[in-house]
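This is what each chain is made of:
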Amino acid sequence: MKKILIAASCALAMLTGSVQAEDSIRIAFDVPYEPFEYKDENGELTGFEVELAEAMCEEMNAKCEFVIQAWDGMIPGLLARKFDAIMSSMSVTPERAERVLFSKPYYNTPGGWFAAEGFDIDVTDMDAMKDKSVGVQRGTTMDTFVTENMTGVVNIKRYNTADDMVLDLEGQRLDVVFVDYPVGEQTIKNKDGFIEIGESVKLGEGVGVAMRKRDTDLAERVNKALDTLKENGTYDAIMKKYFAYDIKV
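Keep in mind it's a predicted model, so treat the numbers as computed, not measured.

**Some details on the domain arrangement of the chain**
According to the domain assignment, the chain consists of domain 1 (21-108 + 205-242) and domain 2 (111-201). Each of domain 1 and domain 2 has a C-alpha centre, and these two points are 26 Å apart. Listed as interface residues are 14 residues of domain 1 and, on the opposing side, 14 residues of domain 2. Taken together, both faces of the contact between domain 1 and domain 2 bury some 1100 Å²; the carbon and sulfur share is 53%. On inspection of domain 1 and its partner domain 2, the count reaches zero salt bridges. Looking at the side of domain 1 that touches domain 2 residue by residue, the classes come out as seven nonpolar, three polar and four charged.

**Description of the environment of Ala 53**
Within the fold, Ala 53 resides in helix α2 (residues 48-60). Measuring from C-alpha to C-alpha, the distance between Ala 53 and Lys 189 comes to 27 Å, with 136 residues separating the pair along the chain. Setting aside residues up to four positions removed in sequence, Ala 53 forms contacts with Ile 27, Phe 29, Phe 66 and Met 87.

**Topic: the state of the cysteines**
Summed over all chains, the structure comprises one disulfide. Covalently, Cys 57 is tied to Cys 64 through a disulfide, its sulfur atoms 2.0 Å apart. Where Cys 57 bonds to Cys 64 through sulfur, the torsion about that S-S bond is close to -95°, and the disulfide is left-handed. Residue class for Cys 57 comes out buried when judged on its relative accessible area of 4%. On the basis of relative accessibility, which here comes to 24%, the residue Cys 64 falls in the partly exposed class.

**Points about the pattern of salt bridges**
This model, assessed by the stated rule, comprises 10 salt bridges. We note a salt bridge from Glu 196 to Lys 189, for which the minimum N-O separation is 3.2 Å. Between Asp 215 and Arg 212 there is a salt bridge; the shortest N-O distance is 3.4 Å. Classification of Arg 212 as buried rests on a relative accessible area of 4%. Connected through shared salt-bridge partners, Arg 26, Asp 84, Arg 212 and Asp 215 make up one network.

**Considering the sheet that holds strand β7 (residues 111-116)**
Backbone hydrogen bonds are what pair the strands of a sheet, in a parallel or an antiparallel way. Taking strand neighbours across the sheet as the criterion, the five strands line up as β9-β8-β10-β7-β11 in an open arrangement whose pairing is mixed. Every other strand in the sheet has two partners, leaving β9 (155-159) and β11 (194-201) as the edge strands with one partner each. Neighbour-to-neighbour, the strand axes of the sheet open up by a mean angle of 25°, direction not taken into account. Here five bridges tie β7 to β11, and the two strands are oriented antiparallel to one another. By the bridge assignment, Ala 116 is partnered in β11 with Phe 194. Across the face of the sheet, helix α7 (residues 181-189) comes into contact with β7, β10 (176-180) and β11 while running at roughly 130° to β10.

**Concerning α7**
Among all positions in α7, only Tyr 181, Pro 182, Val 183, Gly 184, Thr 187 and Ile 188 are buried. Looking at the buried side of α7, the elements it contacts are β7, α6 (162-170), β10 and β11.

So, how was this worked out
- Residues numbered from 1 in each chain as written.
- Predicted model: local features only at pLDDT ≥ 70, side-chain atom pairs only at ≥ 80, totals over all residues.
- Heavy atoms only, no water.
- Domains from an automatic or database assignment.
- Contact = heavy atoms within 4.5 Å.
- Buried area = accessible area lost by both parts, 1.4 Å probe.
- Salt bridge = Lys/Arg side-chain N within 4 Å of Asp/Glu carboxyl O.
- Nonpolar A, V, L, I, M, F, W, Y, C, P; charged D, E, K, R; others polar.
- Helix = DSSP H or I, 4+ residues; strand = E, 2+ residues; numbered from the N terminus.
- Disulfide = S-S within 2.5 Å.
- Buried < 20%, exposed > 50% of the residue type's maximum accessible area, 1.4 Å probe, protein only.
- Pairing = 2+ DSSP bridges.
- Axes fitted to C-alpha atoms, helices over the stretch in contact; angles between N-to-C directions.

Pasting the structure below:
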């Protein structure tokens, strides 16, 4: 009878699929993506989302393990149970929501256009942008926007990392990049010889923590923790370390 009860309990746990409070929660980040997640001069993982994840795990009284994962393998890795959550600037979109369970959005920033000084073309003028090279990070909402609005006009170059894209802009192998605004601000605009161009573009509903559809208990805990961090001022304190403006949804 005892064996039957144990088996039934295990089956129930498998059906609910929830990551339990005493379990180690593995959270994935795409690195580098400064200022959200990157390694400092000592090789330590840091950034806005890393610090927010640390605070979230502490609030949940959970042991968390951080995993570095390339962007294009994020959702496949989550579904393959290589980790339990994605906290790496993943915008909430209807397409992604069909595959994963999102938390409430915890920040929202627009996409920004950046180029070398002297680039004076209006990025919304498709005649003027004809045959220009535009860089985006593969699989992002910026990639989707450029694909939907500029295919057949510009040469779209897709990159696995934001760093590779910036290197090509610096090497004059790109005319323009379209990237999450704070990333462009930190990695491009702050460098001599590079500027922001045009107007930023609001994309999607904001960024959320992505989890497997079955992990509803984990999602509830994550939402509760994020709400508490916003209410008690922890979120604002972390945000102000990395941004001079409000990024809350």
